[in-house]
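# A closer look at the structure
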Amino acid sequence: MRIDIVTIFPEYFGPLGVSLIGKAAERGEITFAVHDLRHWTHDVHHTVDDAPFGGGPGMVMKPEPWGEALDAVVEQGVRRAAGQGQSPAAGQVQAEAVGRGQPPLLVIPTPSGVPFTQRRAVAYAAEPWLIFACGRYEGIDARVADDARSRLRVDEVSIGDYVLAGGEPAVLVMTEAVCRLLPGVLGNVASVADDSFGAGGGPMAGLVEGPSFTRPRLWRNLEVPPVLLSGDHGAIARWRRDEALKRTARNRPDLIRKLAPAQPDVAGVSRDTPRSPLNDHDRSVLSEAGFPVTGEDVAH
Ligand code: ADE
């Protein structure tokens, strides 16, 4: 996978060289290219922002540097892809996709975008080439995304219902969530299948994970739940699902409400959470924990 990032703060992306993702980049499985937006300004002050039309507080990022930057990054990528041959794995995959005429996916982080979820992370992990455009201030002139849509796929994406000072931390978050899903990046592939939200349809589909424990068995007079030491894999899997259900009900009742009842396609239920029907045992676990679930709950 290739990831281009356009920003006015290239130094923000130092952490991409760290830990498992840094190692994957060293091995050539991911190629990161961070570009300074100011490179595409033409005035002495390298101006990237201006006052908003219509008035109001803050500044808006000017369209001209963004237009030039995105044109250049895409064109460089297409040219590089055309000349690939002896490239590392990440470049090869990108080259093949570009060769098939697949344009990169441009991701613009913004608090007004669609939610970034585990399901979206899984979809992005299947992309050979992502471009992230980091806005600052009051965002990027809206014509930049409109113009890019004429030749690229464009997603405007939010990482949560809060406002950051810029898209950079959102890009770090998304990059980590996407890259850890790439084959070979995490040591243990199974840990992705068991992730919270289970976007791949694993046992945690639509749930957050329950608690984890390691040695010692007794610590500060607190015991590890005996079932985890039993060696009974069926009982352990059941216990884990029960704990996930209880924790999800406690911390994320919205997710429990989204889990499918018997009838499919309830109007108004988000399709972004994978369906994991609750069976009778699940319902009794939730009920015992004080979170009874009925079909009617799900419709709201
Ligand atoms: N930029 C500012 N706030 C953001 C958010 N919540 N998500 C993505 N990008 C942002």
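Before any of the text, the structure's been laid out above.
Below: a short report on this structure. (Residues numbered from 1 in each chain as written. Predicted model: local features only at pLDDT ≥ 70, side-chain atom pairs only at ≥ 80, totals over all residues. Heavy atoms only, no water.)

## Some thoughts on unusual backbone geometry
Residue P216 follows R215 across a cis peptide bond; omega there is 5 degrees. Positionally, P216 belongs in the loop between helix 7 (190–193) and strand 8 (218–219). Notably, R220 is not glycine yet its phi reads approximately 50 degrees, a positive angle. By relative accessible area, R220 is classed as exposed at 70%. With a phi angle near 65 degrees, N221 is a residue other than glycine that sits in the positive phi range. Along the chain, N221 falls in the loop between strand 8 and strand 9 (222–223). (Helix = DSSP H or I, 4+ residues; strand = E, 2+ residues; numbered from the N terminus. Buried < 20%, exposed > 50% of the residue type's maximum accessible area, 1.4 Å probe, protein only.)

## Topic: the site of the ligand
In the region of the ligand, the neighbouring residues are P109, T110, P111, V157, S158, I159, G160, Y162, V163, L164, G166 and A170. Backbone polar atom of T110 to a nitrogen atom of the ligand: 3.1 Å apart, as the coordinates give it. At 3.1 Å, a backbone N or O of G160 approaches a nitrogen atom of the ligand. Surface burial for the ligand is 96%, taken as the share of its 260 Å² of free accessible area covered by protein chains. Those elements that provide at least two residues to the shell around the ligand are strand 5 (105–115) and strand 7 (153–158). Element by element, the count of residues in the shell around the ligand is highest for strand 5, at 3 residues. Its residues placed into classes, the shell around the ligand shows 8 nonpolar, 4 polar and no charged. (Near = heavy atom within 4 Å. Polar contact = N/O pair within 3.5 Å; in protein donor to acceptor, adjacent residues only side chain to side chain. Areas by Shrake-Rupley, 256 points an atom, 1.4 Å probe, with all protein chains shown as cover. Nonpolar A, V, L, I, M, F, W, Y, C, P; charged D, E, K, R; others polar.)

## Section: the pattern of salt bridges
Under the counting rule described, the total for this entry stands at 18 salt bridges. In this structure, the salt-bridge partner of R180 is D195, at a minimum N-O distance of 2.8 Å. Taken together, the positions of R180 in the loop between helix 6 (168–179) and helix 7 and D195 in the loop between helix 7 and strand 8 put the pair 15 residues apart, joining distant regions of the chain. When its relative accessible area of 23% is taken as the criterion, R180 is described as partly exposed. Given a relative accessible area of 9%, D195 falls into the buried group. Between D254 and R252 there is a salt bridge, and its shortest N-O distance comes to 2.9 Å. One network of salt bridges, with partners in common, ties together R238, R241, D242 and D282. (Salt bridge = Lys/Arg side-chain N within 4 Å of Asp/Glu carboxyl O.)

So, to be careful, I would describe these as geometric facts and stop short of saying anything about function.
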